[in-house]
Amino acid sequence: MNFEGKVVLVTGASRGIGAAIARAFAKEGAFVIVNYLQNKMLAEKVAAECIQLGGDGYAIQGDVTSEEAVNQMIEEIMLEAGKIDVVVNNAFKSFQFNPETRKLAWEVQWEDYQGQIDGAVRSAHYICQAVIPIMKKQSQGSIINIITNLVERPIVPYHEYNTAKTALMGYSRNLAVEVGSFGIRVNCVAPGLVYPTDASRTTKENLKELIIAQTPLKRIATPEDIAGPVLFLASDWSRFMTGQTLYVDGGFVM
Amino acid sequence: MLASGRRVYSIGERNSKMRITAGYIPNIGETKFDKKILKFQDLEVELPLLTLEQMQRVIDTVKRESAEILKSLSVSTVVDIIGYVTEQFLDRSSSYRQQAEKLLPIVTGYDEEVIRLGLTSFLKTFRKHELQRFLVEDLGNPLLLDHFQPRAKGGFSKAIGPELITHVWAGNVPALPIWSFVSGLLVKAGNIGKVSSSEPLFAGWFAKALAEAEPSLANCFAVVWWKGGDEKREKMIFEKSNLVIGYGNNETLKALKKQVPITTRFLPFGHKVSFGIISKSALDAHKAWRIAHQAALDVIRYDQQGCYSPHLFYVQKGGKVSPVEFARLIAGELENFEKRYPRRKLSMEESVALASWRQKEEMSTFTETGKEVLGTSTHQWTVVFEEEEKVFTASPLNRVIRVISFEKLEDILPYIKPYRSFLQTIGMAATPKELFHWAELLANVGVTRITALGKMTSPEAGWHHDGRFNLLDLIQMVDIESSAIVDSEQFAPYVD
């Protein structure tokens, strides 16, 4: 897999899964745009690592839930890189994955749903709206939206999060139908529990053990595990795939 | 609870970025001490290095204050204080806990996750209700430590803790020193502990937390460091102690013993070898993976550095899953755990030793039928499978495990028996009937603890370490015989 000469935007890439995806692209020679919201220092570190790994890296701040900020950011990327080949919508509204303290169905307020839907769908929508015209002109492009395997099997019903990510899967499929004619592909990657990340830091060992026991590959995912399928969906090797969801959870969901 | 002495991971040439002080010195009227600096990557640990005169004052202080203060407390108060301090170290938001999670990985080289889980599992043993278990297990009636108590045989007895226990700790497993430290406190002894250069931190933190929790105890104990083998110093301290508890390999213990005078008791805890036994009844299509998972967990916890860590697994033939398949399952689990709980970074010497060991094992597969060496030299673990191997060999540790098939337990006992003085824990997966039958056989060859797989490295509170007692070995009983009481009756002022 070689991404030399390709420009890849990864949102929420200062840490966790996003950072692992950014590094993996850079290792294959890509110019990686490391989007972040708050962690400037971490994002710049990831960008520097991208350069060390043989690619190029550029950290850029931008709140993906703000249309104006997204448009500004895409403009800046175009000035810097001249094109965008791949977009990985990885950013999401912060959420604590704690099965013990999660909200029960009857405790969830509409605002909780709205927050997560904004974080997942609205942000992906703004980014897609901004990059699709660019990709159309290029007659090619690959958009990968990071969701979760909880859309298929909500082993813990994080209502607002799971619902928003399921919506993002639906969004991706519909978008795939529309933009396929322009050579643009839209797919999803659905990781299982990924540890360690800041969001899963408080996940208890007994939940991890429960998941491991039911996972054919007998462990939980690391951030690096998620990068491979993302790179595949970004590459020409998946050129006849669109609207798909790849589950990256060691076989927990099948 | 000891395996090989671990090398200090030090990179002296780097510039230090962080320096912390360790150890705990009671108030001896001065605060200026020579310093010993131990270096661990970017961390410098500063330990007080006492002159013999200062050491003498520490001994006098600890003896005096523990006699006056600690011995005047009820044992339930002592339990409350230790339990409170333990809870602080269990609380992930406390500064003590955060300090331990941050610094122990640097000092020991263990992965942060390994330390985090290891600490919690270990410290749970010292919560209030578990401490009560320690007391009842050894004494039956904990009030024996407070007052003369009536005895079933007649008469009254009281348990007296020593004036001074000196602990010489090892550094193989982080935080482990507090096992004997807590035992010493429970019997209300004055305690002086010498920390190892490879884990000089935890015992000092615990002492500091105790003094903060109960300031009146601040001068009842000390945590110090001196260079092991400093004969003059050891002789001087041991002469003033009633009891010396030593951890280490047999050579270390032998050297220590030489310095212990005849009037001081010496309790050595040396090298031990532990292993697992898996019955064919546990090896069906459904349960085999879970057993392999638990077995691998025992291997990865502190990379087998504990005395209770497995060196090999005996696996019975005839189950749905064969011993060699089971070995492969363990290999798979070790690889999975490597991602979750990576192995400690080995020193150059350790890596070289391991590589040459592996090479030898691989060579032998050409001549020994059925033998397999699983994994490659790039893996951070090795599993060796052997058919009914007749030799009982210790593992070079650091995630190296041997799986040996057997038909009947009776067949392997003769090969284990010569190692009687080294045997300790068995992790067992078997039916209840087998468990008790095998326990009888293993007890006869010197095994002192049988536990579930996955629990080998977490002994229960109040366990009999190497078959001995936590508290009974520390105390002496004082009896008032019934004759004395009967006799005294006649002298009572109210006698009719």
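Just so you know, the residues in each chain are numbered from 1, in the order the chain's sequence is written. Naming scheme: in the order in which they are written, chains are lettered from A and ligands are numbered from 1. For this predicted model, a pLDDT threshold of at least 70 governs which residues receive local features, and a threshold of 80 or more governs which side-chain atom pairs are given and counted, while totals over whole chains, interfaces and linings are taken from all residues. To obtain the side-chain values, all non-hydrogen atoms of the structure were used and water was disregarded.

A run of DSSP states H or I qualifies as a helix once it reaches four residues; a run of E qualifies as a strand once it reaches two. Both are numbered from the N-terminal end. Each helix and strand counted, chain A has seven helices and seven strands in total. To get the radius of gyration, use the C-alpha atoms; to get the globule rule, take the number of residues to the power 0.38 and multiply by 2.2 Å. A compact globule built from 254 residues should have a C-alpha radius of gyration of about 18 Å, and chain A, at 17 Å, falls within 12% of that. Every one of the 254 residues in chain A was classed for burial, and the buried ones make up 54%. Residue contacts follow a heavy-atom distance rule, with two residues in contact if any of their heavy atoms lie within 4.5 Å. For chain A, the share of sequence-separated contacts (at least 6 apart) that also reach a separation of at least 24 residues comes to 76%. Per-residue and other accessible areas were derived by the Shrake-Rupley procedure at a 1.4 Å probe size, with only the shown protein chains allowed to occlude residues. If you sum the accessible surface of chain A, you get close to 11,500 Å²; carbon and sulfur atoms cover 53% of it. For the purpose of charge, His is not counted, nor are the chain termini; Lys and Arg are scored as positive and Asp and Glu as negative. Here the site of a charge means atom NZ of a Lys, CZ of an Arg, CG of an Asp or CD of a Glu. If you average the places of the 23 positive and of the 27 negative side-chain charges in chain A, the two averages end up 4 Å apart. Any residue under 20% of the maximum accessible area for its type is buried, any over 50% is exposed, and the rest in between are partly exposed; the area is computed with a 1.4 Å probe on protein chains only.

Another point: the overall build of chain B. Helix and strand counts for chain B come out as 15 helices and 18 strands. By the compact-globule yardstick of 23 Å for 496 residues, chain B fits well, its C-alpha radius of gyration being 24 Å. The C-alpha extent of chain B, read off along each of the three principal axes, is 85 × 65 × 45 Å. For chain B, buried positions account for 56% of its 496 residues. Once local pairs closer than 6 in sequence are excluded, the contacts in chain B between residues at least 24 apart make up 75%. By element, 53% of the accessible surface of chain B is carried by carbon and sulfur atoms, the whole surface being about 21,300 Å². Across chain B, 62 positive and 60 negative side-chain charges occur, with their mean positions spaced 3 Å apart.

Put simply, an interface is often sized by how much accessible area is lost when its parts join up. Contacts between chain B and chain A engage eleven residues on the former and eleven residues on the latter. Summed over both partners, the accessible area (1.4 Å probe) lost when two parts come together is defined as the buried area. Carbon and sulfur atoms supply 49% of the area buried between chain B and chain A, which totals about 990 Å² over both sides. For salt bridges, the criterion is a side-chain nitrogen of Lys or Arg within 4 Å of an Asp or Glu carboxyl oxygen. At the boundary of chain B and chain A, one finds four salt bridges. A salt bridge links Arg-340 of chain B to Glu-205 of chain A; the nearest nitrogen and oxygen atoms lie 3.0 Å apart. The definition of a polar contact used here is a pair of N or O atoms within 3.5 Å, where within protein one atom must be able to donate a hydrogen and the other to accept one, and adjacent residues in sequence count solely through side-chain atom pairs. Remark: the boundary between chain B and chain A carries nine residue pairs in polar contact (both at pLDDT 80 or more). Breaking the side of chain B that touches chain A down by element, the ones donating at least two residues are helix 4 (112-123), helix 10 (288-300) and helix 11 (323-340) of chain B.

What follows concerns the nonpolar core. We define a nonpolar core as any set of buried Ala, Val, Leu, Ile, Met, Phe, Trp, Tyr and Cys residues linked to one another through side-chain atoms lying within 4.5 Å. Counting 111 residues, the largest nonpolar core has Val-45, Phe-202, Phe-206, Ile-278, Ile-330 and Val-383 of chain B as the members making the most contacts within it. Both of domain 1 (18-271 + 470-479) and domain 2 (273-463) of chain B provide at least three residues apiece to this core. Residues in contact with Phe-202 of chain B, not counting those within four places in the same chain, are Phe-89, Ala-100, Leu-104, Leu-119, Leu-123, Ala-175 and Ile-178 of chain B. With 39 residues, the next largest nonpolar core counts Tyr-58, Val-70, Ala-124 and Ala-190 of chain A among its residues. Domain delimitation in this document rests on an assignment produced automatically or drawn from a domain database.

For the rest of this paragraph, the subject is the sheet that holds strand 15 (residues 400-406) of chain B. Residues and elements named next belong to chain B. Sheet architecture is open: seven strands sit in the order 13-14-15-12-11-16-17, paired in mixed fashion. Each edge of the open sheet is held by one strand with a lone partner, namely strand 13 (372-374) and strand 17 (449-452). On average, each strand axis in the sheet is inclined to that of its neighbour by 20°, with strand direction left out of account. Fitting a line to C-alpha atoms yields each axis, with helices limited to the stretch in contact; the angle taken between N-to-C directions then spans 0 to 180 degrees. Docked against the sheet, helix 10 engages strand 11 (273-278), strand 12 (310-316), strand 15, strand 16 (423-429) and strand 17, running at close to 160° with respect to strand 12. Packed on one face of the sheet, helix 11 meets strand 11, strand 12, strand 13, strand 14 (382-386) and strand 15 and runs near 175° to strand 14. Here, a strand pair is defined by DSSP locating no fewer than two bridges between the strands.

Looking now at the sheet that holds strand 2 (residues 34-40) of chain B. All names here are of chain B. Taken in spatial order, the three strands line up as 1-3-2 in an open sheet, and their pairing is mixed. The outermost strands of the open sheet, each flanked by one partner alone, are strand 1 (18-21) and strand 2. Taking the axes of each pair of neighbouring strands and ignoring which way they run, one obtains an average angle of 25° across the sheet. In terms of strand pairing, strand 1 meets strand 3 (residues 43-49) through four bridges, oriented parallel. Considered in strand 3, the bridge of Arg-19 is made with Glu-44.

Take the domain arrangement of chain B next. Residues and elements named next belong to chain B. Domain annotation for chain B reports domain 1 (18-271 + 470-479) and domain 2 (273-463). For domain 1 versus domain 2, the distance between C-alpha centres works out to 32 Å. Each side of the interface is counted separately: domain 1 has 24 residues, and domain 2 has 17 residues. For the pair domain 1 and domain 2, the two sides together bury roughly 1,700 Å², of which 61% comes from carbon and sulfur.

Here we come to the side chain of Asp-138 of chain B. Residues and elements named next belong to chain B. With respect to the element layout, Asp-138 can be found in helix 5 (residues 128-139). Buried and without a salt bridge, Asp-138 has Arg-468 as its closest oppositely charged side chain, separated by 9.0 Å. Within the structure, Asp-138 has its side chain in polar contact with the backbone nitrogen of Asn-470 (distance 3.1 Å). Ignoring anything within four residues of it in the chain, the contact list for Asp-138 reads His-464, Phe-469, Asn-470, Leu-471 and Leu-472.

When pLDDT is averaged along chain B, the result is 93; 97% of the residues meet or exceed 70. Confidence of the predictor at the level of single residues is captured by pLDDT, which takes values from 0 to 100. Long-range and interchain partners of residues 1-16 of chain B, a stretch whose pLDDT sits below 50, account for 56 contacts in this model, where long-range means more than four residues apart.

Okay, the packing of aromatic side chains next. Residue and element names in this part refer to chain B. Side-chain rings of Phe, Tyr and Trp, where Trp is taken by its six-membered ring, are said to pair if the distance between their centres is within 6.5 Å; with planes under 30 degrees apart they count as stacked, over 60 as edge-to-face, and otherwise as tilted. This model, assessed by the stated rule, comprises 32 aromatic pairs over all chains. An angle of 85° between the planes, with centres 6.4 Å apart, marks the rings of Tyr-314 and Phe-406 as edge-to-face. Residue Tyr-314 is located in strand 12, and its partner Phe-406 is located in strand 15; the two are separated by 92 residues in the primary sequence. The exposure class assigned to Tyr-314 is buried, which follows from its relative accessible area of 1%.

Put simply, Tyr-195 of chain A and Pro-196 of chain A share a cis peptide bond, and its omega is 0°. Looking at the secondary structure, you find Pro-196 of chain A in the loop between strand 6 (184-191) and helix 6 (205-213). One non-glycine residue, Tyr-302 of chain B, adopts positive backbone phi at about 50°. With respect to the helices, strands and loops of the structure, Tyr-302 of chain B is situated in the loop between helix 10 and strand 12.

Residues and elements named next belong to chain A. Of the two faces of strand 4 (residues 86-89), the one carrying Val-86 and Val-88 and the one carrying Val-87 and Asn-89 are both buried. Strand direction decides the pairing type here: strand 1 (residues 7-10) and strand 4, joined by three bridges, are parallel. Bridged to Leu-9 within strand 4 is Val-87.

Here the focus is the side chain of Gln-259 of chain B. Inspection of the secondary structure puts Gln-259 of chain B in helix 9 (residues 250-259). In this view, Gln-259 of chain B contacts Glu-231, Glu-234, Lys-235 and Phe-238 of chain B; residues no more than four positions away in its chain are not counted.

With the rule as written, the count across this model stands at 44 salt bridges over all chains. A salt bridge links Glu-209 of chain A to Arg-340 of chain B; its shortest N-O distance comes to 3.0 Å. Taken as a pair, Glu-209 of chain A in helix 6 and Arg-340 of chain B in helix 11 lie in two separate chains rather than in one. By relative accessible area, Glu-209 of chain A is classed as buried at 18%. What makes Arg-340 of chain B buried here is its relative accessible area of 10%. The residue Asp-236 of chain A makes a salt bridge to Arg-239 of chain A at a minimum N-O spacing of 3.1 Å. Exposure class is identical for Asp-236 of chain A and Arg-239 of chain A. Each is exposed. Each of Glu-205, Lys-208 and Glu-209 of chain A together with Glu-113, Arg-116, Arg-290 and Arg-340 of chain B takes part in one network of salt bridges that share partners.

Each packed pair of helices is defined by two parameters, the angle between the axes and the distance between the axes. Residue and element names in this part refer to chain B. In contact at an axis separation of 11 Å, helix 3 (residues 95-108) and helix 7 (residues 202-213) are set at 170° when each is read in the N-to-C sense. In terms of axis orientation, helix 3 runs roughly antiparallel to helix 7. For the pair helix 3 and helix 7, the contacting residues are Tyr-96, Gln-99, Ala-100, Leu-103 and Leu-104 in the first and Phe-202, Trp-205, Lys-208, Ala-209 and Glu-212 in the second. Note that Gly is not counted as nonpolar here; it falls among the polar residues with everything else outside the nonpolar set of Ala, Val, Leu, Ile, Met, Phe, Trp, Tyr, Cys and Pro and the charged set of Asp, Glu, Lys and Arg. A per-class count over the contact of helix 3 with helix 7 returns seven nonpolar, one polar and two charged. Under this scheme an angle from 65 to 115 degrees is roughly perpendicular, one under 35 degrees roughly parallel, and one over 145 degrees roughly antiparallel; angles in between are oblique.

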